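Here is what each chain is made of, one letter per residue.
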Amino acid sequence: MYIYTSEQIKAADQLAEKRGMSTFSLMENAGCGLYHAICPYLSTNQKLLIASGKGNNGGDGIVLARYLKMAGFEVDLIFPLGEPKTGVAKQHLHYYEQCGFPVEEWNPNQTYDVIVDALLGVGAILPLQESLVEWIKWMKSMKATIISIDVPTGISSNSGVVDQNAIKADYTFSLHGYKPSRFLFPSSHFYGQVEVVDIGLPQKSNWRVWTEKDVQKSWVKRETNAHKGLFGTGLLIAGSHEMPGSAALAASSAMRFGIGKLTVNTTQHASAIIGPIVPEVTFLYHTYEELVRSEWKNRRFTCAAIGPGLDPTDDLEKLVTYLLKQNVPLILDAGAIQSRSYPRGEKPIILTPHPGEFSRLLQLSTKEIQENRIELASEYAVTHHVILILKGEYTVIAFPDGTGYINTTGNASLAKGGSGDALTGMLLASIEGNDCVKAAVLNAVYIHGVCSDEWVRKYSEHTFVSSDFSSLLPMICKSFEKE
Ligand SMILES: NC(=O)C1=CN([C@@H]2O[C@H](COP(=O)(O)OP(=O)(O)OC[C@H]3O[C@@H](n4cnc5c(N)ncnc54)[C@H](OP(=O)(O)O)[C@@H]3O)[C@@H](O)[C@H]2O)[C@@H](O)CC1
Ligand SMILES: Nc1ncnc2c1ncn2[C@@H]1O[C@H](COP(=O)(O)OP(=O)(O)O)[C@@H](O)[C@H]1O
Ligand SMILES: [K+]
């Protein structure tokens with residue numbers, strides 16, 4: 001479940017070579033692994049085409065063709081861009097031919113059920129050359145099942161950039177690990193169903209996908225003699241006259257996700273709405289100025305979240321500056337997400353922008369953000385020593401030490417006002433309930449998504465509302481508790 005840029009793949013190949021594992025062997029592993037991974041999707045009465053490029057992606061296609069032929073599949077191997085140029089691909093072609101297998105000429109009148117795209121992999125440089133465009137147009141007209149090797153041809157490996165003629169695969173089998181474009185936009189929508197094929201290289205990357213197993217392993221069970229003081233005394237500064245619900249959603253999710261005690265600083269009017277929804281919370285009615293003047297140490301708050309349902313104002317900014325000095329875990333959401341510097345303390349500072357908010361922060365278009373979500377989030381987290389949660393499909397969670405994770409749970413039912421407020425509440429509770437900050441943050445994001453996944457298993461994706469987190473969390477959390 002690791003993620004590698006094209007540069008990291010090349011470095012891994014070089015290191016393997018230095019250690020005695022030749023690229024020829026890696027290509028053999030790739031082709032053999034691809035064969036075993038792809039086989040379950042094929043049947044011997046289908047007519048298959050493998051289109052190989054001139055580089056090593058094409059080489060993988062040659063090895064795959066050999067295994068398929070040996071297993072009795074009806075498969076044509078063609079080179080629409082000309083014969084292989086790299087040494088190892090040439091070697092594998094030589095062996096393929098020595099085994100008695102032919103290379104075919106492209107025949108546009110021939111029809112195929114399955115086309116394997118082994119044209120370009122991590123070595124692709126966009127835009128696609130004209131010579132390839134004609135061939136891709138023919139291939140698309142075939143209406144065959146398309147299986148891409150490593151990355152679909154016409155998309156970048158490291159960014160979300162997509163050529164206008166890019167191949168939209170039904171399945172992509174990525175070698176060694178995912179490539180960043182698998183989780184970027186619009187490229188991720190060109191991958192189809194994705195599987196990773198191991199090729200015998202050690203797994204080492206700062207970036208990976210957070211999984212169900214990770215949540216299970218890092219889930220903290222309560223001691224039998226636990227008391228509320230162990231799970232944090234949170235301050236949630238949220239909710240306004242116009243947006244009281246955001247505070248209610250954040251507060252109820254925090255309580256459901258296990259926070260010990262929670263105080264909401266809000267308006268009198270908002271508290272009248274929040275109270276009946278979350279009777280467990282207490283209230284403060286301070287202005288931002290009054291909070292800034294107050295003695296933090298008298299309050300005993302162990303963590304804080306600020307922003308849901310608040311407008312960004314100068315006074316709010318002063319309050320954020322004050323909170324940043326208190327050396328408690330701090331979550332900054334919505335109105336509290338602004339451009340500023342951060343102290344390098346030991347307590348985590350967590351920012352939760354959606355792409356629009358991150359675009360304002362970086363002064364880049366949302367298109368640029370979506371194309372480079374991983375790199376930009378990581379750069380920001382490292383430079384500002386914060387944990388950055390860049391929300392949306394495949395939420396990116398970047399840590400100040402340069403590591404990062406992709407979340408794969410969640411779905412479009414979350415695309416509704418209030419989903420982010422619930423996440424803020426869950427983060428607040430999680431950070432107080434788990435000594436491992438990374439696991440706390442990642443588990444909150446993961447489970448937030450699982451709630452919506454559970455919802456769409458039974459109900460329409462149009463109908464999920466953030467208040468539903470409250471009724472879903474008890475069952476979802478239970479499923480992660482070890483007996
Ligand atoms: N560790 C691993 O994971 C391993 C991975 N392996 C595999 O190797 C793959 C990477 O192979 P790679 O480096 O040879 O590059 P690759 O993707 O074949 O592309 C280069 C070729 O494409 C051409 N070309 C480029 N842009 C083009 C365009 N716009 N339009 C048209 N043509 C274009 C370029 O042409 P040239 O510029 O040379 O004329 C050159 O011929 C990787 O994805 C994986 O499948 C294993 O087999 C080994 C271990
Ligand atoms: N299509 C989607 N797939 C997965 N998660 C989504 C999708 N759309 C929204 N989300 C999630 O829902 C939440 C929305 O947050 P946000 O935009 O801040 O909402 P709001 O401010 O209205 O509460 C985020 O956690 C985001 O990752
Ligand atoms: K490919």
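Residues numbered from 1 in each chain as written. Chains lettered and ligands numbered in written order. Predicted model: local features only at pLDDT ≥ 70, side-chain atom pairs only at ≥ 80, totals over all residues. Heavy atoms only, no water.

Visitor: So what's going on with the coordination of the potassium ion (ligand 3)? Residues and values would help.
Guide: Each donor-metal-donor angle in an ideal tetrahedron of four donors is 109.5 degrees, and each such angle in an ideal octahedron of six donors is either 90 or 180 degrees. In this structure, Asn57 (OD1), Asp117 (O), Leu120 (O), Ile149 (O) and Val151 (O) serve as the protein donors to the potassium ion (ligand 3), at separations of 2.7 to 3.0 Å. Expressed as a motif, the donor residue spacing for the potassium ion (ligand 3) is N-x59-D-x2-L-x28-I-x1-V. Note on Ile149: relative accessible area 0%, which makes it buried. Of the residues examined, Val151 reaches a relative accessible area of 0% and is grouped as buried. (Donors = N, O, S within 2.8 Å, 3.2 Å for Na, K, Ca; no water. Buried < 20%, exposed > 50% of the residue type's maximum accessible area, 1.4 Å probe, protein only.)

Visitor: Provide a residue-level description of the sheet that holds strand β6 (residues 193-197), including the pertinent values.
Guide: Taking strand neighbours across the sheet as the criterion, the six strands line up as β2-β1-β3-β4-β5-β6 in an open arrangement whose pairing is parallel. Strands at the two margins of the open sheet, each flanked by one partner only, are β2 (74-78) and β6. Neighbour-to-neighbour, the strand axes of the sheet open up by a mean angle of 20°, direction not taken into account. Relative to β6, strand β5 (residues 171-175) is paired through five bridges, and the arrangement is parallel. Paired with Ser174 across the strands is Val196, a residue of β6. (Pairing = 2+ DSSP bridges. Helix = DSSP H or I, 4+ residues; strand = E, 2+ residues; numbered from the N terminus. Axes fitted to C-alpha atoms, helices over the stretch in contact; angles between N-to-C directions.)

Visitor: Tell me about the packing of helix α2 (residues 23-38) against helix α4 (residues 87-98), residues and numbers included.
Guide: It is the contact of α2 with α4, at a shortest axis distance of 9 Å, that shows an interaxial angle of 60°. Regarding the angle of α2 to α4, the classification is oblique. Helix-helix and strand crossings are classified by hand; for α2 and α4 the assignment is right-handed. Along the contact surface, α2 presents Thr23, Phe24, Met27 and Glu28, while α4 presents Val88, Ala89, Gln91 and His92. The class makeup of the residues in the contact of α2 with α4 is four nonpolar, three polar and one charged. (Parallel < 35°, antiparallel > 145°, perpendicular 65-115°, else oblique. Left-handed = near helix turned anticlockwise from the far one by under 90°. Contact = heavy atoms within 4.5 Å. Nonpolar A, V, L, I, M, F, W, Y, C, P; charged D, E, K, R; others polar.)

Visitor: Can you tell me about the site of ligand 2, naming the residues and giving the values?
Guide: In the vicinity of ligand 2, 18 residues are found, and the nearest of them are Lys391, Gly392, Thr395, Gly418 and Gly420. Between Asn411 and ligand 2, the recorded distance is 3.4 Å, taken from a backbone N or O atom to a nitrogen atom. In the environment of ligand 2, an oxygen atom lies 3.2 Å from a nitrogen or oxygen atom belonging to the backbone of Asp421. Notes on ligand 2: free accessible area 570 Å², of which the protein chains cover 78%. Looking at the shell around ligand 2, the element that brings in the most residues is helix α14 (residues 419-433), giving four residues. (Near = heavy atom within 4 Å. Polar contact = N/O pair within 3.5 Å; in protein donor to acceptor, adjacent residues only side chain to side chain. Areas by Shrake-Rupley, 256 points an atom, 1.4 Å probe, with all protein chains shown as cover.)

Visitor: Requested: an account of the sheet that holds strand β16 (residues 404-406), with residues and values cited.
Guide: One open sheet accounts for ten strands, arranged β7-β16-β15-β14-β13-β12-β11-β8-β9-β10; its pairing is mixed. A single partner strand is all that each edge strand has here, and the edge strands are β7 (207-209) and β10 (282-284). Taken pair by pair, the neighbouring strands of this sheet meet at an average axis angle of 20°, ignoring direction. Inspection of the sheet shows strand β14 (residues 387-390) paired to strand β15 (residues 396-398) by three bridges, in the antiparallel sense. The partner of Leu388 across the bridge, within β15, is Ala398.

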